[in-house]
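# Topology and contacts: notes
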Amino acid sequence: MNKKIISYWEGKSVLITGASSGLGRAVVEALAPYHINFCLLSRREEKLNSLAGKLSDGGSSFWVRKCDVRDRAQVLSAVKDYHASAGRIDAAWVNSGISGDTSFPRWDWDRVESIINTNLYGSLYTIRACLEVMLPQNSGTIIGIGSAASMRGLPTRGIYSLTKISLHYFIESLAAELPQIQFTMIHPGFVDTPINRKGNSRRIWLISAEKAADMMITAVARRKKIYIYPWRMKLLYRLARVIPTSIYAGIARKTVSWHRKKEE
Ligand SMILES: NC(=O)c1ccc[n+]([C@@H]2O[C@H](COP(=O)([O-])OP(=O)(O)OC[C@H]3O[C@@H](n4cnc5c(N)ncnc54)[C@H](OP(=O)(O)O)[C@@H]3O)[C@@H](O)[C@H]2O)c1
């Protein structure tokens, strides 16, 4: 790893939601050599403890708390207690997220509310609580995890798309309001993690969680404002944002019916 990237992360206090699996876990593993004071949050505390145990000899320290990000009180108390223990919060990796089919025939209110409460409210609670610490410090980094699914309204994943583009807009507003804080919005393409492993034939340009973590920690250290990866997904994302709605709708409809047939 390049010296500038190491010096950006070295010794930082880093809070990460959804550290028990996939991208969150891979980010913790990638940052662990840099003497980080970690705060690991998620519902599956046993997974957080086993990750902390596995990495504990590598020079970083771990503060672990079971936390459901849909519950505002749990998030606020976790951030407050971690801050009391660490003395500061340098970076918040706002990563917890779930997905699900919310197409018209498969609509389920519990699923819809859970996606919104996890991806959107969970992110708002975490960002707000961390900013309460970072603003008096006059420094800090907020990393928002969106998705390539936010490029346009994605058929069958409408609620997931909605939460991710909402987070993007929220972070963009905050970045304009609070120049003393670094905001990096990341839109991953397909990464091989449990969120998309089941019955998903759409995983184009798939990369490993380890590679994704390296790319993301580098992008944050380079202070990117928006980071979309891998590069082919970035091109697709940019193109999809500018094509007219009528053309987009036709392509999206055909793609979905092709994938539905493949999955049946
Ligand atoms: N993998 C991809 O291809 C991809 C692409 C684009 C965006 N993303 C985004 O990347 C982020 C991480 O996803 P992943 O790929 O790593 O999937 P994952 O392996 O399924 O991990 C999701 C993480 O979110 C946590 N989480 C879910 N609900 C939670 C809740 N109510 N409270 C606290 N934590 C919760 C889970 O922890 P617990 O279950 O222990 O609570 C888990 O650690 C998500 O925001 C996802 O939308 C992923």
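Check the entry above for the structure.
Let me begin by describing the structure that accompanies this report. Within each chain, residues carry numbers counting from 1 in the order of the written sequence. Only residues with pLDDT of 70 or above have their local features reported here, since the model is predicted, and side-chain atom pairs are shown and tallied only from 80 upward, although totals for entire chains, interfaces and linings are computed over all residues. The basis for the side-chain values is all heavy atoms of the structure; hydrogens and waters are excluded.

### Notes on the site of the ligand
Definition of nearness: a residue and a molecule or strand are near each other if at least one heavy atom of the residue lies within 4 Å of the molecule or strand. Taken together, 30 residues lie around the ligand, and Ser21, Leu23, Arg43, Tyr160 and Thr193 are the ones closest in. Under this definition, polar contacts are N or O atom pairs within 3.5 Å; protein pairs additionally need one hydrogen-donor-capable and one acceptor-capable atom, and for neighbouring residues in sequence, both atoms have to be side-chain atoms. Within the backbone of Gly18, a nitrogen or oxygen atom sits 3.1 Å from an oxygen atom of the ligand. Within the contact set of the ligand, an oxygen atom lies 3.3 Å away from a backbone nitrogen or oxygen of Gly189. Relative to its unbound accessible surface of 870 Å², the ligand loses 95% to contact with the protein. Helix numbers and strand numbers start at the N terminus; a helix is a DSSP run of H or I with at least 4 residues, a strand a run of E with at least 2. When residues of the shell around the ligand are traced back to their parent elements, those giving at least two are helix H2 (22-31) and helix H6 (158-177). Looking at the shell around the ligand residue by residue, the class counts come to 11 nonpolar, 14 polar and 5 charged. Where accessible areas are quoted, they stem from the Shrake-Rupley method and a 1.4 Å probe; at the residue level, only the protein chains shown are allowed to cover. Each residue receives one of three labels: charged for Asp, Glu, Lys and Arg, nonpolar for Ala, Val, Leu, Ile, Met, Phe, Trp, Tyr, Cys and Pro, and polar for the others, Gly being one of them.

### Some points on the packing of aromatic side chains
Stacked, tilted and edge-to-face are the three classes applied to pairs of Phe, Tyr and Trp rings, where Trp contributes its six-membered ring and a pair requires centres within 6.5 Å; stacked means planes under 30 degrees apart, edge-to-face means over 60, and tilted covers the rest. By the definition in use, this model includes 7 aromatic pairs. An aromatic cluster is built from Tyr8, Trp9 and Trp93, whose rings are joined through pairwise contacts.

### Regarding helix H8 (residues 231-242)
In this analysis, the expected span of each helix is defined as 1.5 Å times one less than the number of residues it contains. Taking 1.5 Å per residue, 12 residues should reach 16 Å; H8 reaches 17 Å between its end C-alpha atoms and fits that length. Categorising residues by exposure relies on relative accessible area from a 1.4 Å probe, with only protein chains included: less than 20% of the type maximum marks a residue as buried, more than 50% marks it as exposed, and the intermediate range marks it as partly exposed. When we look at burial in H8, the residues that qualify are Met233, Tyr237 and Ala240. End-on, the buried residues of H8 take up no more than an arc of 70 degrees, which puts them together on one face. Counted as exposed and oriented over 90 degrees from the buried face of H8: Trp231, Leu235 and Val242. By definition in these notes, contact holds between two residues if any of their heavy atoms fall within 4.5 Å. Structurally, H8 contributes buried residues whose contacts are with H6, strand E6 (182-188) and strand E7 (226-229). To be clear, the arc concerns the directions from the helix axis to the C-beta atoms.

Read these as spatial facts, not as claims about activity.
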